[in-house]
Amino acid sequence: MLQPLRILFRPKWMVSRSSASYVSRMRHLNKIKEEDEACRAALQSGNIFLYHKLAPLLRRTDSGIYQLPALQTKDVEEILEKLGEDKEMVKESILINCTEQNEAQFSFDVGAIEQAAVEELCRGTFVDLRKAFFLLRGSEAPLVARGQALLRWHQTNGFCSSTGQPTQRNQSGSQRLCHSSGITYYPKMSPVVIVLVSDGKRCLLGRQSTFPRGMYSALAGFCDIGETMEEALCREIAEEVGLEVESIQYSGSQHWPFPQSSFMVACHATVNPDKTHVSVDKVELEDARWFSLEEVQEALTIKAPPRNNKGEPTVFWVPPNYAIANRLIQEWANQQHLKS
Ligand SMILES: NC(=O)c1ccc[n+]([C@@H]2O[C@H](COP(=O)([O-])OP(=O)(O)OC[C@H]3O[C@@H](n4cnc5c(N)ncnc54)[C@H](O)[C@@H]3O)[C@@H](O)[C@H]2O)c1
Ligand SMILES: [Mg+2]
C-alpha cells in the first residue's frame, strides 16, 4: 500500500553545500553534543538565543523585519552581571545546532529574571512562539522552535520517573542522567501522521472546534505505540472520517512545537472515488468535508483572512506556509493542476 519513498524537495542545506563541509559540520556538532569539555569551549565562542519563560527574544529592524538576535556568550554574561545575577548561569545554555561557520548555537531561558529589564538591555521583545512563527522568516522559525523544545524538555524532566531523584544534564543538554537508577533520558518527540486524503478530484480537509474560525487542515493523529506510520494513518482516517485508505505516498516531515514536540510525518493518501461518504467523529473534529481544486486554490492565496468586527475570519482558509499541512495542500493543488 505504501508507495516507494519519494523526496519531493531537497532542503537548501543539502543542495548548496559540498558534502565534505556538511559532513565536517555534522561531526563537529556531534562532538560538542557528546563531549562536555568541547561543548564548554564551543559555548565561549558560540551564539545564544534568549527566551523568557519559553518565549523567544525577537528584535525588530528599522525596516520592520523581525529577527532572532544571536548574542555572544560574553554579552549574555554582561547582561546577567548588570542585572545582579551570577554570570555562571550562562553555562545552563542548551546546544541547539551550529552555523555553516561551525559556530555553536545555544538557547538560554532567563525566565527567573525580570522580563522588561532583559528586553531593555537586549533591545528586543520576548514573543510567544506562535506569534514568533508568523514573524520570523526562513530557517529562523524551525531553529527557534527547536531551542524552545529543548528548554521545555529540560524544564519538565528534572526528576527520574523511576526513583524520583533529580536528574543531571550533560553540558550540551542532549541528555539527562539519574545517577541513582542509571537511567539516561533523551529529549522526546511524539510521532504524528498528517495526511491529505484525495478521491482523485477533491481533497478532504477537517477542522477541530479549537481552530480559528474558517480554517481547515489536513487530518492528523498521534501514532500509538507499536504501530507503523501506515497503520496509524489508516486508523486515524477510519476513526476521524470513516474512510478506508487505498494508497499512501510519503511527502515530508516537520518538527512541530505546538502544544509540545511532535514529529509530523506528512503523506498523501487516496480513497476509492466510489467510497467517499464522510462520517465525522464529532469528538475529534467539528467538521470534515471535500473541497474542490478551485476552493483550495482560492484558500491558498489568502495570506491573512478577512475578519468580522469580532476579529473572526470570515472565509475558508488553510494553515500558513510554515505548517506542513500547507505544503501537502499546495502539492495536491499543483498535482491536480498538472492533471487538468
Ligand atoms: N504542522 C501542521 O501542519 C499540523 C497540522 C495539523 C495538526 N498538527 C498537529 O498534529 C498534532 C496531532 O493532531 P490531533 O490533535 O488531530 O491528534 P489526534 O487526532 O491523535 O487527537 C488528539 C488526541 O490524541 C490523544 N493522544 C495520544 N497520544 C498523544 C500524545 N502523545 N500527545 C497528545 N495527545 C495524545 C489525546 O487524547 C488527544 O486529545 C497536534 O499537536 C497538532 O498541533 C500539525
Ligand atoms: Mg486528529
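Residues numbered from 1 in each chain as written. Chains lettered and ligands numbered in written order. Predicted model: local features only at pLDDT ≥ 70, side-chain atom pairs only at ≥ 80, totals over all residues. Heavy atoms only, no water.

Whenever I open this one, the nonpolar core confuses me. Can you help?
Across soluble globular proteins, you tend to see nonpolar side chains buried next to one another. In this structure, Ile 194, Leu 196, Leu 205 and Val 296 are the most contacted members of the largest nonpolar core, which totals 43 residues. Mapped onto the domain boundaries, this core takes at least three residues apiece from domain 1 (17-155) and domain 3 (190-339). Residues within four places of Leu 196 in sequence aside, it is in contact with Cys 203, Leu 204, Leu 205, Ala 218, Cys 267, His 268, Ala 269, Leu 328, Ile 329 and Trp 332. With 26 residues, the next largest nonpolar core counts Ala 55, Leu 71, Val 76 and Ile 113 among its residues. (Core = buried A, V, L, I, M, F, W, Y, C linked by side-chain atoms within 4.5 Å. Buried < 20%, exposed > 50% of the residue type's maximum accessible area, 1.4 Å probe, protein only. Domains from an automatic or database assignment. Contact = heavy atoms within 4.5 Å.)

Could you clarify how one ought to interpret the site of ligand 1 in this entry?
The local shell around ligand 1 holds 19 residues, among which Gln 208, Ala 220, Phe 222, Glu 240 and Ala 325 are the closest. Gln 254 places a polar side-chain atom, nitrogen or oxygen, 3.1 Å from a nitrogen atom of ligand 1. In this structure, Ala 325 approaches ligand 1 through a main-chain N or O atom, which is 2.9 Å from an oxygen atom. When ligand 1 is considered free in solution it has 850 Å² of accessible area, and contact with the protein chains removes 63% of it. Grouping the constituent residues of the shell around ligand 1 by class yields 11 nonpolar, five polar and three charged. (Near = heavy atom within 4 Å. Polar contact = N/O pair within 3.5 Å; in protein donor to acceptor, adjacent residues only side chain to side chain. Areas by Shrake-Rupley, 256 points an atom, 1.4 Å probe, with all protein chains shown as cover. Nonpolar A, V, L, I, M, F, W, Y, C, P; charged D, E, K, R; others polar.)

In this structure, what is going on with helix H9 (residues 293-300)? I would like to understand it.
When we look at burial in H9, the residues that qualify are Leu 293, Val 296, Ala 299 and Leu 300. An end-on view of H9 places all buried positions within 130° of arc, on one side of the element. Residues Glu 294 and Glu 298 are exposed on H9 and point more than 90 degrees away from its buried face. At its buried positions, H9 is contacted by strand E12 (203-207), strand E16 (287-291) and helix H10 (324-339). (Helix = DSSP H or I, 4+ residues; strand = E, 2+ residues; numbered from the N terminus. Arc of directions from axis to C-beta.)

Help me understand the coordination of the magnesium ion (ligand 2) in this model?
Each donor-metal-donor angle in an ideal tetrahedron of four donors is 109.5 degrees, and each such angle in an ideal octahedron of six donors is either 90 or 180 degrees. Looking at the magnesium ion (ligand 2), one finds its protein donor set to be Ala 220 (O) and Glu 240 (OE), positioned 2.1 to 2.2 Å from the metal centre. Within this pair, whereas Ala 220 is found in strand E13 (residues 219-222), its partner Glu 240 is found in helix H8 (residues 229-241), the two being separated by 20 residues in sequence. In this structure Ala 220 comes out as partly exposed when scored by relative accessible area, which is 30%. Taking the relative accessible area as the measure of exposure, Glu 240 reaches 3% and is therefore buried. (Donors = N, O, S within 2.8 Å, 3.2 Å for Na, K, Ca; no water.)

Any chance you could explain the sheet that holds strand E10 (residues 184-185) here in plain terms?
Spatially, the three strands line up as an open sheet ordered E8-E9-E10, and their pairing is antiparallel. A single partner strand is all that each edge strand has here, and the edge strands are strand E8 (168-169) and E10. Across two bridges, strand E9 (residues 176-177) lies against E10 in antiparallel orientation. The residue of E10 that forms the bridge with Arg 176 is Tyr 185. (Pairing = 2+ DSSP bridges.)

How should I be thinking about unusual backbone geometry in this particular structure?
Trans peptide bonds make up most of the peptide bonds, and negative phi angles are found at most residues other than glycine. With omega at -10°, the peptide bond leading from Phe 258 into Pro 259 counts as cis. Relative to the helices and strands, Pro 259 resides in the loop between strand E14 (245-256) and strand E15 (262-271). One non-glycine residue with positive phi stands out, namely Lys 53, at about 45°. Mapping Lys 53 onto the fold places it in the loop between strand E1 (47-52) and strand E2 (55-60). For Lys 53, a relative accessible area of 60% gives the class exposed.

So what exactly am I meant to see when it comes to the side chain of Gln 336 here?
You can see Gln 336 is positioned in helix H10. Excluding residues within four positions of it along the chain, Gln 336 makes contact with Gly 200, Lys 201 and Leu 293.

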